[in-house]
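One letter stands for each residue in the lines below.
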Amino acid sequence: MDGENRKLATMNYMEAMGNLSMDDYLRIYGELPSHTVLKRMTQEFIKSYHTLGVDSLHLVDGYGLDWMDALITYNEEVEEYELCAMFRDLIIAYENATMEYVGGFG
């Protein structure tokens, strides 16, 4: 597979992953995501996070809290503590924003 086709296959795979909850992933694949999958997801998240104009809260919402927790666990295992802190801070900001939004209707 040449470089462009490999890139397209990875993008399609990552796009498909974004549409699966952790429960769906387990049901389909019968196991937790591998380190390779979580490494790629981390890389894609960071790439998107650093893209101008991307709303970090929408990014967290798009991945889902279940996947964000999996990314934290993976990055703890590979000792990428700065990424863990960033993910944690984004989750807290997302949860606070969600609570403010829901609280606005009460």
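Since this is a predicted model, take the numbers as computed values, not measurements.

*Asks:* Help me understand the packing of aromatic side chains in this model?
*Replies:* Describing an aromatic ring pair means giving the distance of the ring centres and the angle of the ring planes. Going through the model one piece at a time under the given rule, you end up with five aromatic pairs. Where F45 meets Y63, the ring centres are 5.0 Å apart and the plane angle is 75°; that geometry is what we call edge-to-face. Here F45, found in helix α3 (residues 35-49), pairs with Y63, found in helix α4 (residues 56-63); they are 18 residues apart in sequence, far enough to count as distant. Neither F45 nor Y63 differs from the other in exposure class; each is buried. Taken together, F45, Y49, Y63 and F87 form an aromatic cluster joined through their ring pairs.

*Asks:* How should I be thinking about the packing of α3 against helix α5 (residues 65-77) in this particular structure?
*Replies:* Axis separation between α3 and α5 bottoms out at 10 Å; the angle between their running directions is 110°. It follows that α3 is roughly perpendicular to α5 by the angle criterion. Contact with α3, carried on its side by H35, L38, K39, M41, T42 and F45, involves W67, M68, A70, L71, Y74, N75 and E77 of α5 and no other residues of that element. Residues of the contact of α3 with α5, tallied by class, amount to eight nonpolar, three polar and two charged.

*Asks:* Explain a negative patch on the surface to me, please; I cannot follow it from the model alone.
*Replies:* There is a patch of like negative charges on the surface, built from D23, D66, D69 and E95. Assignment of secondary structure puts D23 in helix α2 (residues 22-29). Take D23: its relative accessible area is 54%, and that puts it in the exposed class.

*Asks:* Looking at this model, I keep getting lost on the environment of L38. Mind explaining?
*Replies:* Inspection of the secondary structure puts L38 in helix α3. Considered as a pair, L38 and W67 are 29 residues apart in the sequence and their alpha carbons are 9.0 Å apart. If we skip the residues at most four places from it in the chain, L38 touches P33, W67, A70, L71 and Y74.

*Asks:* Is there a simple way to think about the environment of E77 in this case?
*Replies:* Within the element layout of this structure, E77 appears in helix α5. The spatial distance from the C-alpha of E77 to the C-alpha of H35 is 9.6 Å, given a sequence separation of 42 residues. A polar contact is formed between the side chain of E77 and the side chain of H35, at a distance of 2.7 Å.

*Asks:* What is the right way to look at α4 in this model?
*Replies:* In an α-helix there are 3.6 residues to a turn, and that puts residues three or four apart on one side. Along α4, the residues classified as buried are L59, V60 and Y63. All buried residues of α4 project into a common sector of 95° when viewed along the axis, lining one side. Sitting at the amino-terminal end of α4 is D55, which places a side-chain oxygen 2.8 Å from the backbone nitrogen of L57. Phi turns positive, to about 90°, at G64, one or two residues after α4.

*Asks:* What is the right way to look at unusual backbone geometry in this model?
*Replies:* Negative phi is the rule for most residues except glycine; trans is the rule for most peptide bonds. A positive phi angle is found at E79, which is not glycine, with a value near 60°. Mapping E79 onto the fold places it in the loop between α5 and α6 (81-103).

Rules and cut-offs
- Residues numbered from 1 in each chain as written.
- Predicted model: local features only at pLDDT ≥ 70, side-chain atom pairs only at ≥ 80, totals over all residues.
- Heavy atoms only, no water.
- Phe/Tyr/Trp six-rings, centres within 6.5 Å; stacked < 30°, edge-to-face > 60°.
- Helix = DSSP H or I, 4+ residues; strand = E, 2+ residues; numbered from the N terminus.
- Buried < 20%, exposed > 50% of the residue type's maximum accessible area, 1.4 Å probe, protein only.
- Axes fitted to C-alpha atoms, helices over the stretch in contact; angles between N-to-C directions.
- Parallel < 35°, antiparallel > 145°, perpendicular 65-115°, else oblique.
- Contact = heavy atoms within 4.5 Å.
- Nonpolar A, V, L, I, M, F, W, Y, C, P; charged D, E, K, R; others polar.
- Patch = residues over 30% accessible without salt bridge, like charges linked within 9 Å, V, L, I, M, F, W, Y side chains within 5 Å.
- Areas by Shrake-Rupley, 256 points an atom, 1.4 Å probe, with all protein chains shown as cover.
- Salt bridge = Lys/Arg side-chain N within 4 Å of Asp/Glu carboxyl O.
- Lys, Arg positive; Asp, Glu negative; His and termini not counted.
- Charge placed at Lys NZ, Arg CZ, Asp CG, Glu CD.
- Polar contact = N/O pair within 3.5 Å; in protein donor to acceptor, adjacent residues only side chain to side chain.
- Arc of directions from axis to C-beta.

None of the figures reported here should be taken as evidence of function without further support.
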